[in-house]
Amino acid sequence: MKDKAILPTLKVSKKLKRGFKQFLEYHPAKRVNRNLQEIFVAYTQHTLDGPPLNMDDIIWDISCLMELLDVAEDETKDWPRI
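Residues numbered from 1 in each chain as written. Predicted model: local features only at pLDDT ≥ 70, side-chain atom pairs only at ≥ 80, totals over all residues. Heavy atoms only, no water.

## A few points about the overall build of the chain
Thinking step 1. Within the chain one finds three helices and zero strands.
Thinking step 2. For the chain, the N- to C-terminal ordering of α and β elements is α-α-α.
Thinking step 3. For the chain, the residues scored as buried account for 13% of the 82 residues in total.
Thinking step 4. On the chain, roughly 7600 Å² of surface is accessible, and the fraction owed to carbon and sulfur atoms is 59%. (Helix = DSSP H or I, 4+ residues; strand = E, 2+ residues; numbered from the N terminus. Buried < 20%, exposed > 50% of the residue type's maximum accessible area, 1.4 Å probe, protein only. Areas by Shrake-Rupley, 256 points an atom, 1.4 Å probe, with all protein chains shown as cover.)

Printed below as a string of structure tokens:
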């Protein structure tokens, strides 16, 4: 049986929580996610010299961010919209 890696507990400051909440109040997560997808697709389609060397990192980071935004939209759907 393999040992599972123990991940460190991440502490989120009140300032970061407040900033993320404020961001979501003014920028609906699904809209931001859709816009990021469009930018990402346009970028990759117009890269003529091949993808950047760190494309694996870019794809991973963008994918995780998009998943977070989907969760954020679901978690904040009851928040009042400004």
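That shown, we press on.
## What to know about a negative patch on the surface
Thinking step 1. A cluster of acidic residues, Glu 67, Asp 70, Asp 74 and Glu 75, forms a negative patch on the protein surface.
Thinking step 2. As for its placement among the helices and strands, Asp 70 is situated in helix α3 (residues 55-75).
Thinking step 3. On the accessibility criterion, Asp 70 (35% relative accessible area) is partly exposed. (Patch = residues over 30% accessible without salt bridge, like charges linked within 9 Å, V, L, I, M, F, W, Y side chains within 5 Å. Salt bridge = Lys/Arg side-chain N within 4 Å of Asp/Glu carboxyl O. Lys, Arg positive; Asp, Glu negative; His and termini not counted. Charge placed at Lys NZ, Arg CZ, Asp CG, Glu CD.)

Keep in mind that these numbers describe shape and distance, not what the molecule does.
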